[in-house]
Structure formats: structure tokens, C-alpha cells
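One-letter residues, chain by chain:
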Amino acid sequence: MTKAAHRHAPAWLALFCFIEASFFPVPPHPLLGLMCLAEPKKAVRFAVIATLASVAGGLLGYGIGHFLYESVGTQLLALLGLTESFPKAACYLREMGFWIFVAKGATPIPFKLLTITAGFIAMPLGTFLVASLVSRSISFMIVGILFRLFGAPIKAFIDKYLGLVTAAFIIAVIGGFAALTLLDGEDSRAASVCDTATMPG
């Protein structure tokens, strides 16, 4: 908590969010949460920093997928254990584009997988930026706003019930991911096509 309130903490948060969006395996959410707990009045500011830095980092991931996929992207995906997920991600982005990024805000899909894949399939850059901003806002801004509004009570609650809060969060994330698989219409059609995808093509 002391380090989270350090004057350099926002810079570290921006760095973690930037690199996590393209290649770093550790998510920045724990650092954001600690910073919001340490200084609830600055929670929205921290969330804005996290959102913008993550979108900027997403552009690096996009560039890797678009320009350096063969030389860097394939090795990076392998190191992150995302090679098998890549064909499906490419298929879903082609089929659903913008909405996959929006849905990412409520699922455990790695953001770096989407950014690299978006570059690989040459997703329109404007669409990519707007979709990334929406997705990252869902992940970060809601947290910042809640801590700004209810900082002290939330901190006291988490201090006492951290284990239960963590378990509830994991259940909610898994539930959100499962709910997405039950959507019908275009989502079902995309799922039927993409579940069997084996090559990014």
C-alpha cells in the first residue's frame, strides 16, 4: 500500500499497462487496485492513465501483428502460450470485429492476443482504436469510478474479506465468459465457424 501511494506509482502503472497490452504476461489490475485503495480520491485519474497507456500499448501489439508477425509475433505468442488460441482469435475478429473487443472487457481473453491478432488481420486502425478504448474503459474506468465513489468502505471490506472478494470476482469473470458462449444469432454463427479454426489464414 505504501509503494502504491508513491509519487512514481502512476508512471509504473502506465508502463505496466503499456507493455501488458502487447507482450507482458502479468495484468496491471492488481497495481491499479492497490493504487485506488491507497488513494481513492485519485482513483479516476489512475484509471484514465491505465486506459490510455493500455490503448497506446495496444498499438504496439497491433504493429507486431501487422509488420512483425513472422519474425516476432509467432515467437511471442508461443512464449505467452497463446499459439493455439490465435487461429480462433483471428476468425472471431474477422467475423465480429469491434464487438469482440467490447466483450473482452467482461472476459478473461488476453488483450495482447486481440491486439496482435488485429494487426495480423489488418483490422481498420480507427475501428481498432475505438474498440480498444471501449474495452480498456470497461476494465479500468469502472474500477476507478467505484473506488472514487466508495473508496473507504470498499477498502475496509476488501481488507476483511479479500479471499471472498477474489473468489467472487473469479466466479463473475468465468460467468461472463460462459454467458458470451450462449449468445445466439451472429455470435452463434461465428462460434460455429471459429471453433474449428486451425489456421489464421
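Up top is the structure.
Because the structure is predicted, anything quoted here is derived from the model rather than measured.

A. Looking closely at helix 4 (residues 69-79). Of the positions making up helix 4, those classed as buried are Tyr-69, Gly-73, Leu-76 and Leu-77. The buried residues of helix 4 occupy one face: seen down the axis, they fall within an arc of 100 degrees. For helix 4, exposure combined with an orientation more than 90 degrees from the buried face picks out Glu-70, Gln-75 and Leu-79. In this fold, the buried residues of helix 4 make contact with helix 3 (43-67), helix 5 (86-96) and helix 7 (111-120). Where helix 4 terminates, the next one or two residues include Gly-81, which has phi positive at roughly 70 degrees.

B. Fine view of unusual backbone geometry. Backbone geometry places Ala-122, a non-glycine residue, at a positive phi of 60 degrees. Its location among the elements puts Ala-122 in the loop between helix 7 and helix 8 (125-181).

C. Region of the structure containing the packing of aromatic side chains. Tallying each qualifying case throughout the model produces nine aromatic pairs. Both rings, one in Phe-16 and one in Phe-24, keep their centres 5.7 Å apart while their planes meet at 45 degrees; by these two values the pair is tilted. Looking at Phe-16, the relative accessible area reads 26%, which means it is partly exposed. Exposure remark for Phe-24: the relative accessible area of 22% places this residue in the partly exposed category. Pairing Phe-86 with Phe-120 gives two aromatic rings, centres 5.2 Å apart and planes at 75 degrees, and the pair type is edge-to-face. Placement of Phe-86 in helix 5 and of Phe-120 in helix 7 is noted, with a sequence separation of 34 residues between them. By relative accessible area, which is 2% here, Phe-86 ends up buried. In this structure Phe-120 comes out as partly exposed when scored by relative accessible area, which is 24%. Through a chain of ring-to-ring contacts, the aromatic side chains of Tyr-62, Phe-101, Phe-111 and Phe-128 assemble into a single cluster.

D. Broad picture of the nonpolar core. Counting 16 residues, the largest nonpolar core has Leu-13 and Leu-32 as the members making the most contacts within it. Among the elements of the structure, helix 1 (9-20), helix 2 (29-38), helix 3 and helix 8 are those that each provide at least two residues to this core. A total of five residues in this core trace back to one element, the largest contributor, which is helix 3. In contact with Leu-32, not counting residues within four places along its chain, are Leu-13, Phe-46, Ala-47, Ala-50, Phe-140 and Val-143. Residues Tyr-62, Ala-90, Ile-100 and Phe-111 belong to the second largest nonpolar core, which totals 14 residues.

E. Broad picture of the side chain of Arg-136. Along the chain, Arg-136 turns up in helix 8. Ignoring any residue separated from it by four or fewer positions in sequence, one finds Arg-136 in contact with Glu-20, Thr-51, Ser-54, Val-55, Lys-104, Phe-111 and Met-141.

F. Representation of the packing of helix 3 against helix 7 within the structure. Where helix 3 contacts helix 7, the two axes come as close as 6 Å, and the packing angle between them is 45 degrees. Classified by the interaxial angle, the pair formed by helix 3 and helix 7 is oblique. Taken as a pair, helix 3 and helix 7 cross one another with a handedness that is right-handed. Listed contacts from helix 7 to Ser-54, Gly-58, Gly-61, Tyr-62, Gly-65 and His-66 of helix 3 are Phe-111, Thr-115, Ile-116, Ala-118, Gly-119 and Phe-120.

Thresholds applied
- Residues numbered from 1 in each chain as written.
- Predicted model: local features only at pLDDT ≥ 70, side-chain atom pairs only at ≥ 80, totals over all residues.
- Heavy atoms only, no water.
- Buried < 20%, exposed > 50% of the residue type's maximum accessible area, 1.4 Å probe, protein only.
- Helix = DSSP H or I, 4+ residues; strand = E, 2+ residues; numbered from the N terminus.
- Arc of directions from axis to C-beta.
- Contact = heavy atoms within 4.5 Å.
- Phe/Tyr/Trp six-rings, centres within 6.5 Å; stacked < 30°, edge-to-face > 60°.
- Core = buried A, V, L, I, M, F, W, Y, C linked by side-chain atoms within 4.5 Å.
- Axes fitted to C-alpha atoms, helices over the stretch in contact; angles between N-to-C directions.
- Parallel < 35°, antiparallel > 145°, perpendicular 65-115°, else oblique.
- Left-handed = near helix turned anticlockwise from the far one by under 90°.

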